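The residues making up each chain are set out below.
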Amino acid sequence: MNPESRTARLLGPPGRSRFKRAGVVASLALVTASGVAGPAIPATQGGSDRTSVAAGGDRCRPRHREVGALPGEPADDRSGCRGPRGPRGATGATGAIGAIGATGAIGPIGPIGPQGQPGPTGATGPQGEVGATGPTGPCVGIDADQASEDFEIRVALSGGRTYAGIRDQRTGEKQNFLWTDLSGRPDYPAGGAGGLPCDVSVNAHNRNTTVKRIKFDVITTTGQIWEAACVAFTTTHPATLNCADRTGHPKPWILVARQPALDALNGGV
């Protein structure tokens, strides 16, 4: 038997442990001395490698079989030794944006808030221009007379036309008004210097006469007074008006003799 092998076996586990510690101390002293006397460590060496060397823990140093190792124990070598860290790889491309999710359901409508305070009243706008004066509206008028117990008379002005009416008051008659349009008579005032009829009146003082004459008057917009004469017939039932002359032609309107004048005194124009 090899004397060294025999010596190692005699030492046993405690002895081998002391032998290992002595070897480690000797190796540390050798490494330290080498670091002082040897060249400087390159600056490019990683911090983790320098720390490992300074601490005496260089895991890449090949270790020989321990003295007294049992047969079959593998010898330590550089397998499992970690090399220097490589450069950082390039950043990967940004992934595609994912599809937009479906729109969520609309939430319920919230309660209506309280009504706000009324705002201040705005400033009054400027007054608009006065419009043009419109045309004079049509004149209207009416008058009545009853000078007989047998009938009564009306005259009415409407729409620029003059109407004479008679109503029989005798017992047994229907007492309906019968109207005659006097506007179609000759010389009826219809504008121009004569003006348009604007009011009417009736005169029927014929109580004690056999011929019951009736006079109808109009005053125009220019202040002129025109007159038409008719006769009331009570021999018919009901009573009627006749405004024609003896030949059967309609009696014309007549501009009354002398018209009202400014400051007139029992006179006129």
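Right above here is the structure, for reference.
Summarised in this report is the structure supplied together with it. Keep in mind that this is a model prediction, so the values were computed, not measured.

Procedures and definitions
Residues numbered from 1 in each chain as written. Predicted model: local features only at pLDDT ≥ 70, side-chain atom pairs only at ≥ 80, totals over all residues. Heavy atoms only, no water. Helix = DSSP H or I, 4+ residues; strand = E, 2+ residues; numbered from the N terminus. Buried < 20%, exposed > 50% of the residue type's maximum accessible area, 1.4 Å probe, protein only. Contact = heavy atoms within 4.5 Å. Areas by Shrake-Rupley, 256 points an atom, 1.4 Å probe, with all protein chains shown as cover. Polar contact = N/O pair within 3.5 Å; in protein donor to acceptor, adjacent residues only side chain to side chain. Disulfide = S-S within 2.5 Å. Pairing = 2+ DSSP bridges.

### What to know about the overall build of the chain
When helices and strands are counted, the chain shows two helices and nine strands. The order of helices and strands in the chain, counted from the N terminus, is α-α-β-β-β-β-β-β-β-β-β. Expressed as a percentage of the 269 residues in the chain, the buried residues total 19%. Across the chain, the fraction of contacts at a sequence separation of at least 24, relative to all contacts at a separation of at least 6, is 44%. Working note: accessible area of the chain is about 20,600 Å², and carbon and sulfur atoms make up 57% of it.

### So, the environment of Asp-181
By the secondary structure assignment, Asp-181 is in strand E4 (residues 177-181). The class for Asp-181 is partly exposed, based on a relative accessible area of 31%. Considered as a pair, Asp-181 and Gly-165 are 16 residues apart in the sequence and their alpha carbons are 8.9 Å apart. Look past the residues within four positions of Asp-181 in its chain and what remains in contact with it is Arg-161, Thr-162 and Tyr-163. Reaching out from Asp-181, the side chain makes a polar contact with the side chain of Arg-161 at a distance of 3.0 Å. In terms of polar contacts, Asp-181 uses its side chain to reach the backbone amide nitrogen of Ser-183, at 2.9 Å.

### A short note on the environment of Thr-180
Tracing the chain through its elements places Thr-180 in strand E4. Distance in space between the C-alpha atoms of Thr-180 and Gly-165 is 6.3 Å, their sequence separation being 15 residues. In this structure Thr-180 touches Thr-162, Tyr-163, Ala-164 and Arg-185, once residues within four positions along its chain are discounted.

### A word on the state of the cysteines
Tallied over the full model, the rule gives two disulfides. The disulfide bridge from Cys-139 ends at Cys-198, spanning 1.9 Å between sulfur atoms. Between Cys-139 and Cys-198, the disulfide has an S-S torsion of -65° and is therefore left-handed. One end of the pair, Cys-139, is in the loop between helix H2 (47-54) and strand E1 (141-145); the other, Cys-198, is in strand E5 (residues 197-203), with 59 residues separating them in the sequence. The exposure class assigned to Cys-139 is buried, which follows from its relative accessible area of 14%. Exposure remark for Cys-198: the relative accessible area of 27% places this residue in the partly exposed category.

### Brief notes about the pairing of strand E6 (residues 212-220)
Two elements, E5 and E6, share six bridges in a ladder whose sense is antiparallel. Looking at E6, one finds that Pro-197 is bridged to Thr-220. As paired strands, E6 and strand E7 (residues 225-233) are joined by eight bridges and run antiparallel to one another. Bridge pairing in E7 places Lys-212 opposite Ala-232. Turn length for the E6-E7 hairpin, with the two strands adjacent in sequence and antiparallel, is four residues, and the turn residue Gly-223 shows positive phi of about 90°.

### Regarding the side chain of Ser-148
By secondary structure assignment, the location of Ser-148 is in the loop between E1 and strand E2 (151-158). For Ser-148, a relative accessible area of 8% puts it in the buried group. Within polar-contact distance, the side chain of Ser-148 engages the backbone nitrogen of Asp-150 at 3.1 Å.

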